[in-house]
Each structure stands twice: as C-alpha cells, then as structure tokens.
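Topology and contacts: notes
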Amino acid sequence: MTSHASRVLVLNSGSSSVKYQLLDMTDGTRLALGLVERIGEETSRLSHTPLVSGGAKREHEGPIADHEAALKAVATELAADGLGLDSPELAAIGHRVVHGGLKFTVPTVIDDAVLAEIERLVPVAPLHNPANITGIRTAQALRPDLPQVAVFDTAFHTTMPEYAARYAIDVATADAHRIRRYGFHGTSHAYVSRQTAALLGKDPAETNVIVLHLGNGASASAVAGGRCMDTSMGLTPLEGLVMGTRSGDIDPAVTFHLKRVAGMSADEIDVLLNKKSGLLGLCGDNDMREIRRRIEEGDERAQLAFDIYIHRLKKYIGAYTAVLGHVDAVAFTAGVGENAAPVREAAIAGLEELGLAVDAGLNAVRSDAPRLISPEYSRVAVAVVPTDEELEIAQQTYALVNA
Ligand code: ADP
C-alpha cells in the first residue's frame, strides 16, 4: 500500500439503503457523507454532502436498481468532489457487518473464507447479513485491489461471560442452532464507553460504565474496564429495551399464544414484534419528539408509552448496577439519548439510592460535545456522550490495514 493513503470509506449497507462516509485518518476529518435510500424502487434517492471546500448537499431522485448501481452512483458523486474511489489516497473500505457470531471478536480483513463465514451466519441474522454481504461484494468488484475490512456489531460483546451470554434452555438445542445472546450496537458501546472514561479523565481499563444507546433501535450494556459484561440485545436485536418499533423483552410464551390463539404465522409474529411494537405499537408514534409533543398536549396514550419505555430503562440501569457492583458513570447516547432531556431526567429520577442524580440545568443544555449532566454530589456520574460509529469503524479499519 502507498504510504500516503490515509482515506477510509465506511459503508453501512442495509437491505434497501447504503450509508457512507469518507474520512481522512490523519486527523479523522470527514471529507464527505451520504445516503442512498429505497434501492430497487422507482423512487430511490441519493443525498450526498461534500464536507471539503464548502460544497453543498446534492440530492438525486430516480430509480437505482441495486447495490452495485448505488455504489457506482456514490463513486460518481465522490469523483465530482475530487474524492474518487480510484484515488491512490484511499487506504481501505470499512464495512459495518451486523452479525459476526462467536468467531469474529475483532475487525477482520475480508477474504473468501471470511465472506463465507459471514454468509454462514445468515440464519441468525437474516435481515442484516445478506445486505452487508452484498455491500462487500459490490465494493470488492469496484476496487478489487483494496483491503476491505469487516467491523462487527457483535464483536465488542464477545467478552461477555458465558453466564450472561447463555439462555437457560437445553444446551444441546441451543448449541445445535447457535442460540445464545450475541448483542448488537457493539461499535457504539465500545466507542461511548471509552469516550466516557476520557470525559471522567480516567483510564478505560479502570472505568465501569453503563452505556444506554437509545436510537430507534436501543440497547444497554454493562462495561467493566473496557470489557462488555452484559448487554440487553440477544440472539437478535429484538431483546431488551423498549425501542421505536420493537417490543424488547416479553414473555416468549406470547409468541406461542399468538400462534395458537390468534392463528398468526412465525413471519407475522416477527413483523409484529420487530416493526409494529415498541413505542409505535403502544401509541402510534416511534419518534420521541412526536411523543413528547403529544405528552405536552395531555395525550394519555403517549404518556403511557413513555412511562413503559422509562420503566424498562430503569430496570436495566438497576440490573447493570448489580452486574458491575461499582459504577463510575451512566452514559446516554444515540438519537434519543443525546437529544431527549426528558428521557434522561425520567430514567434517572428516583435512583438516588444507586448514587445517581441529574442536574436539571446541565441536562437542559444542548450540545454536540460529551458532557456531564450530574450534580457535583452525585456518587455516579451521569453523562451524555455522542456516539460516532463511522469514526470508530474507520479507526479500526485504518489501524488494521496499517498494522
Ligand atoms: P437509528 O440509528 O437507530 O436509526 P438514531 O440514533 O439516529 O437512530 O435515533 C433516531 C431517533 O432519535 C428518532 O427516532 C427520534 O426518536 C430520536 N430523536 C432525534 N432527535 C430527537 C430530539 N431532539 N428529541 C427527542 N428524540 C429525538
């Protein structure tokens, strides 16, 4: 590789979308970012924002048939900004891969064997891994000479002790079907737990953090000295917290009941629990801004949805305090965690016995910077720490290809 190659393209390929960022790793500067949505439809949309030399956001609408066409369109946009993918300055492409199973505990340079293993995990990640594979193959075809790196959402959680990772079901059945708790959002939990230690001026190896990643998908993790001890998502991202459209924890017998009594198929139940539940199922809205607006107007359904969301969050804060024994900080991150002061206030309210408190004035401040929102006297710090999964993927990719 040429020594001056310092750019990394980060690709996050979903089933009908591709999100991307191009970063310069000499200082982590973002050069461009964008999103292709509704791939395969007539109304596909590409929005591209160059972040160098004052370029403005450009949007295109019109059919983009598949991931290959999407990535070619992205390449054309980047080339127009002088950031073409054929540039010798591009060092690697980093791919977000959702499921790495137990095998992938660290970022990995992709070869045929790695791709085959990601493919072998499709049965446990049917919604995500196929799209990730398509993204990788497309990028390989575009730049076959370039290192492509997979950064796994599950990797950070592979340190979970066996007693946290196993479900209490028949071991032979579980092992035959690779049923266990894998956890997701790992890139974010890793990044945020480290940033939280930095905010406290502490060594991550000596800091215990409860990370609450509250986006449309949401998960909590208990991190001790940089190692994940437990996380709320399981075999799939359905377990744990109440999310935008996912139920989080329920009695598994609800699923047999829906099958036997309501006559629903496995696929229908899957859609119900993943896409029509959570905040959306409870009150008809999954956006926390809209729910807060309705609550301000006295809407009781929105209030109940909010209360259920907060109740679950509190249970995880309590549980992970017990798992860690000693907690240095609780960190809120992602769309809801970074922006919704009422969620932070309500989740911490009444937890003084756990050493937790929020200062109303600090909590109300809006900022993009990592910050403390707990009062001086709080035994455990409460923090808002913006996540940056793309930067983390780029850093891990760059470190690997330069190792
Ligand atoms: P994901 O990556 O899971 O799609 P994000 O981390 O971007 O999600 O979070 C998206 C969610 O963040 C939105 O659904 C919305 O509920 C919430 N959100 C964003 N801004 C605000 C805000 N100002 N107040 C409350 N919630 C917000």
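Residues numbered from 1 in each chain as written. Predicted model: local features only at pLDDT ≥ 70, side-chain atom pairs only at ≥ 80, totals over all residues. Heavy atoms only, no water.

Per an unreviewed UniProt entry, the protein chain carries the name Acetate kinase and comes from Streptomyces celluloflavus. Of the protein chain, the UniProt comment under Subcellular location (unreviewed entry) reads exactly: "Cytoplasm". We quote the UniProt Sequence similarities (unreviewed entry) comment for the protein chain here in full: "Belongs to the acetokinase family." (UniProt positions renumbered as here; feature names shortened; annotations may be inferred.)

This part takes up the pairing of strand β12 (residues 329-333). Side-chain direction in a regular strand flips from residue to residue, so the side chains alternate between the two faces of the sheet. β12 sits mainly inside the fold: five of its five residues count as buried. Residues Ala329, Ala331 and Thr333 of β12 are buried on one face, and the alternating residues Val330 and Phe332, pointing to the opposite face, are buried as well. Both strand β9 (residues 208-214) and β12 contribute to a ladder of five bridges, which runs parallel. Its bridge partner being in β12, Val209 is matched across the sheet by Ala329. Inspection of the sheet shows β12 paired to strand β14 (residues 381-384) by four bridges, in the parallel sense. Looking at the pairing, Phe332 lines up with Val384 of β14. (Buried < 20%, exposed > 50% of the residue type's maximum accessible area, 1.4 Å probe, protein only. Helix = DSSP H or I, 4+ residues; strand = E, 2+ residues; numbered from the N terminus. Pairing = 2+ DSSP bridges.)

The next thing to look at is the site of the ligand. Taken together, 13 residues lie near the ligand, and Asn216, Asp287, Met288, Gly335 and Asn339 sit nearest. A distance of 2.8 Å separates an oxygen atom of the ligand from a polar atom in the backbone of Met288. Backbone polar atom of Gly335 to an oxygen atom of the ligand: 2.9 Å apart, as the coordinates give it. Notes on the ligand: free accessible area 580 Å², of which the protein chains cover 68%. Elements that contribute at least two residues to the shell around the ligand include exactly α10 (288-296) and α12 (334-339). (Near = heavy atom within 4 Å. Polar contact = N/O pair within 3.5 Å; in protein donor to acceptor, adjacent residues only side chain to side chain. Areas by Shrake-Rupley, 256 points an atom, 1.4 Å probe, with all protein chains shown as cover.)

So, about the sheet that holds strand β10 (residues 218-224). One open sheet holds the six strands; their spatial order is β11-β10-β9-β12-β14-β13, and the pairing between them is mixed. The strands lining the two open edges of the sheet, one partner per strand, are β11 (227-231) and β13 (371-372). As paired strands, β9 and β10 are joined by seven bridges and run antiparallel to one another. Of the residues in β10, the one forming a bridge with Ile210 is Ala222. Here helix α6 (residues 186-200) sits on the sheet in contact with β9, β10, β11, β12, β13 and β14, set at roughly 130° to β9. (Contact = heavy atoms within 4.5 Å. Axes fitted to C-alpha atoms, helices over the stretch in contact; angles between N-to-C directions.)

On to the packing of helix α11 (residues 300-324) against helix α13 (residues 341-348), then. Helix packing geometry: the angle between the two helix axes and the distance between the axes. Put simply, α11 and α13 touch, their axes get as near as 9 Å, and they point 55° apart. Considering their axes alone, α11 and α13 lie oblique with respect to each other. The two elements α11 and α13 meet at a crossing, and its hand is right-handed. On α13, the residues that touch Phe306, Tyr309, Ile310, Leu313, Lys314 and Ile317 of α11 are Pro342, Val343, Ala346, Ala347 and Ile348. Of the residues contributing to the contact of α11 with α13, the split by class is 10 nonpolar, no polar and one charged. (Parallel < 35°, antiparallel > 145°, perpendicular 65-115°, else oblique. Left-handed = near helix turned anticlockwise from the far one by under 90°. Nonpolar A, V, L, I, M, F, W, Y, C, P; charged D, E, K, R; others polar.)

What follows covers the environment of Glu392. Looking at the element boundaries, Glu392 is found in helix α15 (residues 389-401). When the C-alpha atoms of Glu392 and Thr187 are compared, they prove to be 6.7 Å apart, with 205 residues separating the residues in sequence. One polar contact links Glu392 to Arg194, side chain to side chain, over a distance of 2.7 Å.

Let us look at the packing of aromatic side chains. Tallied over the entire structure, the rule returns two aromatic pairs. With a centroid separation of 4.4 Å and 5° between ring planes, the pair formed by Phe104 and Phe152 is classed as stacked. With a gap of 48 residues between them, Phe104 in the loop between β6 (90-97) and β7 (108-109) and Phe152 in strand β8 (residues 148-152) connect regions that are remote in the sequence. Of the two residues examined, Phe104 and Phe152, each falls in the buried class. Plain terms: the ring middles of Tyr316 and Tyr320 are 5.6 Å apart, the flat faces sit at 75° to each other, and that makes the pair edge-to-face. Of the two residues, Tyr316 and Tyr320 both sit in helix α11, four residues apart, roughly one turn of that helix. (Phe/Tyr/Trp six-rings, centres within 6.5 Å; stacked < 30°, edge-to-face > 60°.)

So, about the pattern of salt bridges. Tallied over the full model, the rule gives 26 salt bridges. Of the charged contacts, one joins Arg45 and Glu37 as a salt bridge, the two residues approaching to 2.6 Å between their closest N and O atoms. Two residues, Arg58 and Asp81, come together in a salt bridge whose shortest N-O distance is 3.0 Å. One end of the pair, Arg58, is in strand β5 (residues 58-61); the other, Asp81, is in the loop between α1 (67-80) and β6, and 23 residues separate them in sequence. In this structure Arg58 comes out as partly exposed when scored by relative accessible area, which is 24%. Linked through salt bridges whose partners overlap, the residues forming this network are Glu37, Arg45, Lys57 and Glu59. (Salt bridge = Lys/Arg side-chain N within 4 Å of Asp/Glu carboxyl O.)

On to the nonpolar core. The biggest cluster of nonpolar side chains holds 42 residues, and the ones touching the most others in it are Leu212, Leu214, Met288, Tyr309, Val330 and Val343. Elements that contribute at least two residues to this core include exactly β9, β10, α9 (278-283), α10, α11, β12, α13 and β14. No other element matches the 10 residues that α11 contributes to this core. Residues contacting Leu214, with those up to four places away along its chain left out, are Leu241, Tyr309, Leu313, Phe332, Thr333, Ala334, Gly335, Val336, Gly337 and Val343. (Core = buried A, V, L, I, M, F, W, Y, C linked by side-chain atoms within 4.5 Å.)

With that settled, consider the packing of α10 against α11. Direction vectors running N to C along α10 and α11 enclose 125°, while the axes themselves pass 8 Å from each other. With respect to each other, α10 and α11 are oriented oblique. Every pair of crossing elements has a handedness; the one defined by α10 and α11 is left-handed. Each of Met288, Ile291, Arg292, Arg294 and Ile295 in α10 lies in contact with α11, whose residues at this interface are Arg301, Ala302, Gln303, Phe306 and Tyr309. For the contact of α10 with α11, the residue count by class is six nonpolar, one polar and three charged.

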